[in-house]
Amino acid sequence: DMDLFSKVFAAVFSLMPASKRWRYRLEEDFCYYSETLKGIYFESQWFVIRDGDITVKAGYAWDGVTPAFYFLGIWWGVWDGPKGKDRKPCSWKATLVHDAMCQFIGLIKGISKDQTVKVFKELLEINDSPKFMVSLYPKAVKYFGPQDWT
């Protein structure tokens, strides 16, 4: 049973052209180690967690900071932040991993919402996000993101 936000997001998403459903596509595997996910194991075609080692596979696509949607030729939604040293929005790593975790919600055994929020915040911090983003965005994920991770 989906909550109201999920129903609205699904409805808007279904109206978007297929080529604009995702803002970003990963060009090469993204790997990161988080002590927060020590003891968690999960494997799918796109996303792997092995005792804290996280890999998101090349080709994975996601929408950045949610909510975001494409309308009238423009992406609308929450700001993804300034560009970092890699010339990408500073939130890209955090949103990538969190979106992958959300995609497999209920399938990643032993993971909690608090762990997902902590990893999201870690990835904002390591990618030189502004202090206000590191403080505010994880709170938004905690209170407005998926609540039931079991």
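Remember, it's a predicted structure, so these values are computed and weren't measured experimentally.

A. Fine view of the overall build of the chain. Of the regular secondary structure elements, the chain holds four helices and eight strands. Scanning the chain from its N terminus toward the C terminus, one meets helices and strands in the order α-β-β-β-β-β-β-β-β-α-α-α. Counting every position in the chain, which comprises 150 residues, the buried fraction comes to 42%. Partitioning the contacts of the chain with sequence separation of at least 6, the portion at a separation of at least 24 is 64%.

B. Quick look at helix 2 (residues 92-103). The end-to-end C-alpha distance of helix 2, which contains 12 residues, comes to 16 Å, matching closely the 16 Å that a straight helix rising 1.5 Å per residue would cover. Judged by how many residues are buried, helix 2 sits mostly within the fold: 10 of 12 residues are covered. Looking at the packing, one finds that the buried side of helix 2 touches strand 2 (30-33), strand 4 (47-50), strand 5 (53-56), strand 6 (61-62), helix 3 (113-126) and helix 4 (131-144).

C. The arrangement of the pattern of salt bridges in detail. Evaluation of the coordinates by the stated rule reveals four salt bridges. Here Asp 80 makes a salt bridge to Arg 23, at a shortest N to O gap of 3.3 Å. Highlighted residues: Asp 80 in the loop between strand 8 (74-77) and helix 2 and Arg 23 in the loop between helix 1 (4-15) and strand 1 (24-25), separated in sequence by 57 residues. Between Lys 85 and Asp 128 there is a salt bridge, with the nearest N and O atoms lying 3.1 Å from each other. Within this pair, whereas Lys 85 is found in the loop between strand 8 and helix 2, its partner Asp 128 is found in the loop between helix 3 and helix 4, the two being separated by 43 residues in sequence. Residue Lys 85 is classed as exposed on the basis of its relative accessible area of 75%.

What counts as what
- Residues numbered from 1 in each chain as written.
- Predicted model: local features only at pLDDT ≥ 70, side-chain atom pairs only at ≥ 80, totals over all residues.
- Heavy atoms only, no water.
- Helix = DSSP H or I, 4+ residues; strand = E, 2+ residues; numbered from the N terminus.
- Buried < 20%, exposed > 50% of the residue type's maximum accessible area, 1.4 Å probe, protein only.
- Contact = heavy atoms within 4.5 Å.
- Expected span 1.5 Å × (residues − 1).
- Salt bridge = Lys/Arg side-chain N within 4 Å of Asp/Glu carboxyl O.

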